[in-house]
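A closer look at the structure
One letter stands for each residue in the lines below.
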Amino acid sequence: MKKWKWTLAGAAGGLTAAAAVHRRLLYTEQEQLTAPGTMVEVNGHRMHVYTEGPEELDGSDGRVHDEAVTLVFLSGGGTAAPVYDFRPLYRKLSSCYRCVVVEKAGYGYSEIKKRSRQLDAMLEETRLALRLAGEKGPFVLLPHSMSGLEAIYWAQKYPDEVMGIVGMDMAFPKAYENKKANPGSLKLMGMLAFFGIQRCPLLQVVGKEGLTEEEYRQAKLLGNRNFLNKVVLEEAASVYANAEMVKKHRKPEVPFLLFCSDGKELGGFWVPLQKKYAERLNCELIQYDCGHYLHHYKAREMAETIRPFVEKIRKQRMA
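Computed from a predicted structure; not experimentally measured. (Residues numbered from 1 in each chain as written. Predicted model: local features only at pLDDT ≥ 70, side-chain atom pairs only at ≥ 80, totals over all residues. Heavy atoms only, no water.)

The subject of this paragraph is the overall build of the protein chain. If you tally the helices and strands in the protein chain, you get 11 helices and 10 strands. Here the protein chain holds 319 residues, and the buried ones make up 48% of them. Residue pairs at least 24 apart in sequence account for 77% of intrachain contacts in the protein chain once pairs closer than 6 positions are excluded. Within the structure as shown, the protein chain displays about 15,700 Å² of accessible surface, and the carbon and sulfur contribution to it stands at 53%. (Helix = DSSP H or I, 4+ residues; strand = E, 2+ residues; numbered from the N terminus. Buried < 20%, exposed > 50% of the residue type's maximum accessible area, 1.4 Å probe, protein only. Contact = heavy atoms within 4.5 Å. Areas by Shrake-Rupley, 256 points an atom, 1.4 Å probe, with all protein chains shown as cover.)

Laid out in structure tokens, this is it:
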């Protein structure tokens, strides 16, 4: 056998062994996962909904005066552990507001079960999960990155359920213009995840900011399990059609507040696009000199801006 055949056979054997070790570790790690929130059954699969903060606001006289505003956090594409990813930010808001993280299929503690990732399907699953968990709107939505499309569509389709939108480097339909999903690239990413590349120490799948040691351990376990799984890849393949769906509807008539990163991780088009939409939506845009997961780096500053924005909306609705 020629040398290259031996090399090929060795590589194939190594990959097979890596995949086997990865699958075995996933089996043992599954028993260590402990969801901190509520698991609900949504259309045949289990979804995780985490809540933190008051349901009602107490006045200075000790009596209940108003229901607390509910903030719903929607994670960006491929975020392995949303409940921990958003923790640095919602921990700074949950003393005043009810904070809810909905983990979609394939994310966080939710079941990895292949689903349609068309916008209508994802939105209806999110809304049903909230109802089953006992959460009722209207909500202030806090989408990060790709989930900006879902937040906009939610406000377009069910405007009475959305009080406002706080965009965290959120995606807008124009970000996906003139692009198409590359099936070969998505298949390659799925293969890398199958062989357990996410376990490589040089690849940071989850962040550690604002987490305890146990929370970080749980987040890493979820990163091992959820990295580029079949549901996440299906969502990535569907995002272009989902962007077109949002474009077919009118601009949502809800208040917006936008936070923007420096755009370096996304390309030169990103910051100008954020500025364009801020002008179109007639809303405030706050840009930070940091990366795409800006709620990891600027949680305190963001919380200080979010509070007056939410209070203004609340008072307007009560008037």
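We are not done yet, so read on.
What follows is about the nonpolar core. One finds Val 72, Leu 141, Trp 154, Ile 165, Tyr 176 and Phe 256 to be the most contacted residues of the largest nonpolar core, which totals 43 residues. Excluding residues within four positions of it along the chain, Leu 141 makes contact with Val 72, Ala 151, Trp 154, Val 162, Gly 164, Ile 165 and Val 166. Residues Phe 73, Leu 93, Cys 99 and Phe 309 belong to the second largest nonpolar core, which totals 41 residues. (Core = buried A, V, L, I, M, F, W, Y, C linked by side-chain atoms within 4.5 Å.)

This part takes up helix α11 (residues 299-318). For an α-helix the count is 3.6 residues per turn, leaving residues at separations of three or four pointing the same way. Taking 1.5 Å per residue as the helical rise, α11 with its 20 residues ought to reach 28 Å, and the 28 Å between its terminal C-alpha atoms agrees with that figure. Three or more residues of α11 are buried, namely Ala 299, Met 302, Ala 303, Ile 306, Phe 309, Val 310, Ile 313 and Arg 314. In a view along the axis of α11, the buried residues occupy a sector of 140°, so they form one face of it. Opposite its buried face, α11 presents the exposed residues Lys 312 and Lys 315, each directed more than 90 degrees away. (Expected span 1.5 Å × (residues − 1). Arc of directions from axis to C-beta.)

Let us look at the packing of helix α4 (residues 119-132) against helix α5 (residues 148-157). For the pair α4 and α5, the least separation of the axes is 10 Å and the interaxial angle reads 80°. With respect to α5, the element α4 is oriented roughly perpendicular. Of the residues in α5, those touching α4 at Leu 119, Asp 120, Met 122, Leu 123, Glu 124, Thr 126, Arg 127 and Leu 130 are Leu 149, Glu 150, Tyr 153, Trp 154 and Lys 157. Broken down by class, the residue content of the contact of α4 with α5 amounts to 7 nonpolar, 1 polar and 5 charged. (Axes fitted to C-alpha atoms, helices over the stretch in contact; angles between N-to-C directions. Parallel < 35°, antiparallel > 145°, perpendicular 65-115°, else oblique. Nonpolar A, V, L, I, M, F, W, Y, C, P; charged D, E, K, R; others polar.)

Here the focus is the environment of Met 146. By secondary structure assignment, the location of Met 146 is in the loop between β7 (139-143) and α5. Along the primary structure Met 146 and Glu 235 are separated by 89 residues, whereas in three dimensions their C-alpha atoms are 9.7 Å apart.

What follows deals with the sheet that holds strand β6 (residues 98-103). What links the strands of a sheet is backbone hydrogen bonding, and the strands pair in either a parallel or an antiparallel sense. Spatially, β1-β2-β6-β5-β7-β8-β9-β10 is the arrangement adopted by the 8 strands of the open sheet, whose pairing is mixed. If you trace the sheet from one side to the other, it starts and ends with β1 (38-42) and β10 (284-287), each paired once. Within this sheet the neighbouring strands show an average axis-to-axis angle of 20°, counted without direction. Note: strand β9 (residues 256-260) against β10, 4 bridges, orientation parallel. Pairing of Phe 259 across the sheet is with Ile 286, part of β10. Sitting on the sheet, helix α9 (residues 270-281) touches β9 and β10, and the angle it makes with β9 is about 165°. (Pairing = 2+ DSSP bridges.)

The next point concerns the pattern of salt bridges. Applying the stated criterion to the full structure yields 19 salt bridges. With its nearest N and O atoms 2.9 Å apart, the salt bridge here joins Glu 135 to Arg 98. Linking Glu 135 in the loop between α4 and β7 with Arg 98 in strand β6, this pair joins segments that are 37 residues apart in sequence. The two residues Glu 135 and Arg 98 agree in class, both being buried. Notably, a salt bridge pairs Glu 161 with Arg 127, separated by 2.6 Å at the nearest N-O pair. Of the two residues, Glu 161 is situated in the loop between α5 and β8 (162-168) and Arg 127 in helix α4; the sequence distance between them amounts to 34 residues. Take Arg 127: its relative accessible area is 11%, and that puts it in the buried class. (Salt bridge = Lys/Arg side-chain N within 4 Å of Asp/Glu carboxyl O.)

What follows concerns the packing of α4 against helix α8 (residues 230-247). Orientation of α4 relative to α8, taken along the N-to-C sense of each, is 95°, at an axis distance of 9 Å. Here α4 is positioned roughly perpendicular relative to α8, judged by the angle of their axes. Taken together, the residues of α8 that come into contact with α4 (itself represented by Leu 119, Asp 120 and Met 122) are Glu 235, Asn 242, Met 245 and Val 246. A class-by-class count of the residues in the contact of α4 with α8 yields 4 nonpolar, 1 polar and 2 charged.

Another point: the packing of aromatic side chains. Taken as a whole and assessed by the stated rule, the structure comprises 9 aromatic pairs. A centroid spacing of 6.0 Å and a plane angle of 10° characterise the contact between Phe 259 and Tyr 288, whose relative ring orientation is stacked. Here the residue Phe 259 occupies a position in strand β9, and Tyr 288 occupies one in the loop between β10 and α10 (294-297), the gap between them amounting to 29 residues. Accessibility expressed as a relative area gives 0% for Phe 259, which makes it buried. (Phe/Tyr/Trp six-rings, centres within 6.5 Å; stacked < 30°, edge-to-face > 60°.)

A few words on the environment of Val 246. Tracing the backbone through its elements, the reader meets Val 246 in helix α8. Residue Val 246 is classed as buried on the basis of its relative accessible area of 3%. When the C-alpha positions of Val 246 and Pro 173 are compared, they lie 6.7 Å apart, and in sequence the two are 73 residues distant. With sequence-adjacent residues up to four places away left out, Val 246 is seen in contact with Leu 119, Leu 149, Ile 152, Tyr 153, Gln 156 and Pro 173.

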